[in-house]
Amino acid sequence: MTTQDAVAEVDIRERIDSLLDAVRTGDLETLRTVFAPNIVSFDIEAPLRHLGAEKKMSNWEQMFTVLQVPFEYETRDLTVFVDGSLAVAYSLNHMNASIGTGGKIDYWLRWTSAWQKIDGQWLVVHDHVSVPTYFPDGRAAMDLMP
């Protein structure tokens, strides 16, 4: 890894920390600074593909109206690879939150993101959020823990 790539990894990790804080607190303005305008997102909710930052922000807005903020959101095993102006990050993420209508969610997600340095700033150009599946039952495996 070059010195420049090592510095970029620190920058991306700081951006991810900002993203996580914004998710925990429902800070839409900070979230807007993380995603590239042309992001392609394979988010956890339908449809299969979301195109553009506005759609990504719409997903966050919807989530923050359903969940009570602040809530717990932790990242485990965060790995970041950098090569020049492109980077990939992945982790296991734990969400524990109360739902506004009652009830609670408490599960682990898989997150992968592709980052690109655009106009001097690292932005997410692609992300993928998923949960594993129990194939024999055809249901999401929301009860798994690392």
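Model, not experiment: these values are computed from the prediction.

1. Focus on the overall build of the chain
Step number 1: Check the secondary structure of the chain and you find three helices and eight strands.
Step number 2: Ordered by position in the sequence, the α and β elements of the chain form the string α-α-β-β-α-β-β-β-β-β-β.
Step number 3: On C-alpha atoms alone, the chain measures out to a radius of gyration of 16 Å, which is about the 15 Å that the 2.2 N^0.38 rule sets for 146 residues.
Step number 4: Dimensions of the chain, computed from the C-alpha atoms along their principal axes, are close to 45 × 35 × 25 Å.
Step number 5: Counting over 146 residues, the chain shows a buried share of 38%.
Step number 6: Once local pairs closer than 6 in sequence are excluded, the contacts in the chain between residues at least 24 apart make up 48%.
Step number 7: Within the structure as shown, the chain displays about 8300 Å² of accessible surface, and the carbon and sulfur contribution to it stands at 56%.
Step number 8: Side-chain charges of the chain comprise 12 positive and 21 negative groups, with the mean position of each set lying 4 Å from the other.

2. Here we look at the packing of aromatic side chains
Step number 1: Counted under the stated rule, the structure contains two aromatic pairs.
Step number 2: Between Trp60 and Phe64 the ring centres are 5.7 Å apart and the planes differ by 25°, which places this aromatic pair in the stacked class. Of this pair, Trp60 and Phe64 both sit in helix H3 (residues 53-66), four residues apart, roughly one helical turn. Pair check on accessibility: Trp60 and Phe64 agree, each one buried.
Step number 3: Taken together, a centroid distance of 6.2 Å and an interplanar angle of 35° make the contact between Phe81 and Tyr90 tilted.
Step number 4: The partly exposed category is assigned to Tyr90, whose relative accessible area is 37%.

3. Observations regarding the environment of Ala140
Step number 1: Within the secondary structure layout, Ala140 lies in strand S8 (residues 139-140).
Step number 2: We classify Ala140 as partly exposed; its relative accessible area is 34%.
Step number 3: Between the C-alpha atoms of Ala140 and Leu28, which are 112 residues apart in sequence, the distance is 28 Å.
Step number 4: Other than its neighbours up to four places away in sequence, Ala140 contacts Val131, Pro132, Thr133 and Tyr134.

4. Notes on the environment of Asp83
Step number 1: Relative to the helices and strands, Asp83 resides in strand S3 (residues 72-83).
Step number 2: Accessibility expressed as a relative area gives 62% for Asp83, which makes it exposed.
Step number 3: With 74 residues separating them along the chain, Asp83 and Glu9 place their C-alpha atoms 9.5 Å apart.

5. Overview of the pattern of salt bridges
Step number 1: One pass over the full model with this rule turns up eight salt bridges.
Step number 2: The residue Arg32 makes a salt bridge to Glu29 at a minimum N-O spacing of 3.4 Å. Of this pair, Arg32 and Glu29 both sit in helix H2 (residues 28-32), three residues apart, which is roughly one turn of that helix.
Step number 3: The exposure class assigned to Glu29 is exposed, which follows from its relative accessible area of 55%.
Step number 4: Lys56 is the partner of Asp127 in a salt bridge, and the nearest nitrogen-oxygen pair spans 2.7 Å. With Asp127 in strand S6 (residues 121-130) and Lys56 in helix H3, this residue pair connects regions lying 71 residues apart in the sequence.
Step number 5: On the basis of relative accessible area, Asp127 is assigned to the buried category, the value being 2%.
Step number 6: Three or more residues are tied together by salt bridges with common partners; here these are Glu29, Arg32 and Glu61.

Thresholds, definitions, all that
Residues numbered from 1 in each chain as written. Predicted model: local features only at pLDDT ≥ 70, side-chain atom pairs only at ≥ 80, totals over all residues. Heavy atoms only, no water. Helix = DSSP H or I, 4+ residues; strand = E, 2+ residues; numbered from the N terminus. Rg over C-alpha atoms; globule rule 2.2 N^0.38 Å. Buried < 20%, exposed > 50% of the residue type's maximum accessible area, 1.4 Å probe, protein only. Contact = heavy atoms within 4.5 Å. Areas by Shrake-Rupley, 256 points an atom, 1.4 Å probe, with all protein chains shown as cover. Lys, Arg positive; Asp, Glu negative; His and termini not counted. Charge placed at Lys NZ, Arg CZ, Asp CG, Glu CD. Phe/Tyr/Trp six-rings, centres within 6.5 Å; stacked < 30°, edge-to-face > 60°. Salt bridge = Lys/Arg side-chain N within 4 Å of Asp/Glu carboxyl O.

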